[in-house]
Amino acid sequence: MRYKNIPLDFSKPFDSNALSECAQALSDQYPFLGIGYLGKSILGVDIPYFILGEGKKEILYVGAHHGMEWITSLLLVRFLLDACELAERKKSIHQVPLEFLLERYTLYVLPMLNPDGVGYQIHGVDEANPLYGRLISMNGGSTDFSRWQANARGVDLNHNYDAGFWEYKQIELDNGIENGAPTKYSGECPESEPEVAYLCNFIRFHENIQGILTLHTQGEEIFYQAGCVLSRKQERIAKELSALTDYRLSRTEGSACFGGLTDWCVQRLGLPSYTLECGKGENPLPLTQAIPIYARLRRALFRFPLFF
Ligand SMILES: [Zn+2]
């Protein structure tokens with residue numbers, strides 16, 4: 001199915017090729033939509049982000065840290081498409097006039113941080129992959145990559161940020177993870193992975209970023225604590241997001257507490273950041289959930305900037 005002239009297909013898995021086709025079509029259709037590139041993944045795949053609006057206050061949305069969670073990329077591209085469409089027609093949504101939103105804010109939308117991991121999860125690993133032998137061994141000797149979460153060399157990107165990284169190393173060892181793996185291996189040091197290093201630099205260099213929303217699946221819950229004292233703003237917005245989505249507020253526990261983007265932003269930068277665990281079920285969530293999840297999230301996606 002096509003939305004307008006955009007090849008956004010909610011009936012099949014969404015990989016980096018599908019994303020770049022959408023990026024091309026979106027920028028053809030909406031000249032006011034900017035596209036930038038965060039950098040390249042380990043396998044040399046571009047990591048695009050979109051720029052919408054011209055406001056001073058900047059807001060960042062991030063999807064697909066994890067291979068099995070590409071449905072979050074679909075959700076963010078759909079959000080962009082709706083925002084562009086409404087902006088073009090000077091409409092409002094959820095009491096947010098798009099003209100006002102894009103005058104006051106600049107939205108950065110990064111739908112897929114981990115294109116290589118998403119590719120492995122959807123298509124498996126090709127024998128021509130330069131890391132083939134190592135990958136099969138990291139995957140326990142199996143050629144079935146349908147449970148792959150990490151990047152191209154077995155690092156779980158959402159444990160690669162510099163927040164409780166070394167504490168996590170011990171938990172990792174206790175869990176028998178000493179090396180690259182389908183999930184939960186944090187890498188040799190914080191920001192060892194280019195995808196994470198590029199994103200951290202992007203955030204460091206964009207000093208006007210006010211808030212970050214990161215989409216994962218699944219659980220219908222919001223993580224916002226980071227093992228530190230929280231600002232009132234961080235707490236207040238968490239409650240508001242919970243009210244907008246009807247997702248419950250959760251405490252991070254065990255290994256989920258360390259090394260994530262939200263942890264790094266809250267702990268190290270004091271930047272309001274939230275992890276939304278979208279949908280419910282077993283990863284990867286079935287495509288039939290994409291539209292219902294989007295319907296439930298849309299209000300929070302459009303209203304999030306207004307908290308700043
Ligand atoms: Zn995730």
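None of these values were measured; they are calculated from a predicted model.

Draft legend 1. A look at the overall build of the protein. What the protein contains, in helices and strands, is 10 helices and 10 strands. The C-alpha atoms of the protein give a radius of gyration of 18 Å, which matches the 19 Å a tight globule of 308 residues would have. Along the longest, intermediate and shortest principal axes, the C-alpha atoms of the protein span 55 × 45 × 35 Å. In the protein, which comprises 308 residues, the share counted as buried stands at 59%. For the protein, the proportion of contacts with a sequence separation of at least 24, taken over those separated by at least 6, is 78%. Entry remark: accessible area of the protein is about 13,000 Å², with carbon and sulfur atoms responsible for 47%.

Draft legend 2. Focus on the layout of surface pockets. Its boundaries defined by the atoms lining it, the second largest pocket holds a volume of some 240 Å³. Along the walls of the second largest pocket sit 14 residues, with Leu43, Asp116, Gly119, Tyr120 and His123 positioned nearest its centre. Secondary-structure elements contributing two or more residues to the lining of the second largest pocket are helix H1 (16-29) and helix H4 (115-123). Of all the elements, H4 adds the most residues to the lining of the second largest pocket, at 5 residues. Partitioning the lining of the second largest pocket into residue classes produces 5 nonpolar, 6 polar and 3 charged.

Draft legend 3. Seen up close, the sheet that holds strand S1 (residues 34-40). Read from one edge of the open sheet, 8 strands run S1-S2-S6-S3-S7-S10-S8-S9, paired in mixed fashion. Whereas interior strands pair on both sides, the edge strands pair on one side only; in this sheet they are S1 and strand S9 (248-250). Averaged over all pairs of adjacent strands, the angle between strand axes in this sheet comes to 25 degrees, irrespective of strand direction. With 3 bridges connecting them, strand S2 (residues 46-52) and strand S6 (residues 105-110) associate as antiparallel partners.

Thresholds, definitions, all that
Residues numbered from 1 in each chain as written. Predicted model: local features only at pLDDT ≥ 70, side-chain atom pairs only at ≥ 80, totals over all residues. Heavy atoms only, no water. Helix = DSSP H or I, 4+ residues; strand = E, 2+ residues; numbered from the N terminus. Rg over C-alpha atoms; globule rule 2.2 N^0.38 Å. Buried < 20%, exposed > 50% of the residue type's maximum accessible area, 1.4 Å probe, protein only. Contact = heavy atoms within 4.5 Å. Areas by Shrake-Rupley, 256 points an atom, 1.4 Å probe, with all protein chains shown as cover. 1 Å grid on protein atoms, 1.4 Å probe; cavity = no way out; pocket = protein on both sides within 12 Å on 5 of 7 lines; lining within 4 Å. Points joined across faces, edges and corners; volume = space filled by probe spheres on them. Nonpolar A, V, L, I, M, F, W, Y, C, P; charged D, E, K, R; others polar. Pairing = 2+ DSSP bridges. Axes fitted to C-alpha atoms, helices over the stretch in contact; angles between N-to-C directions.

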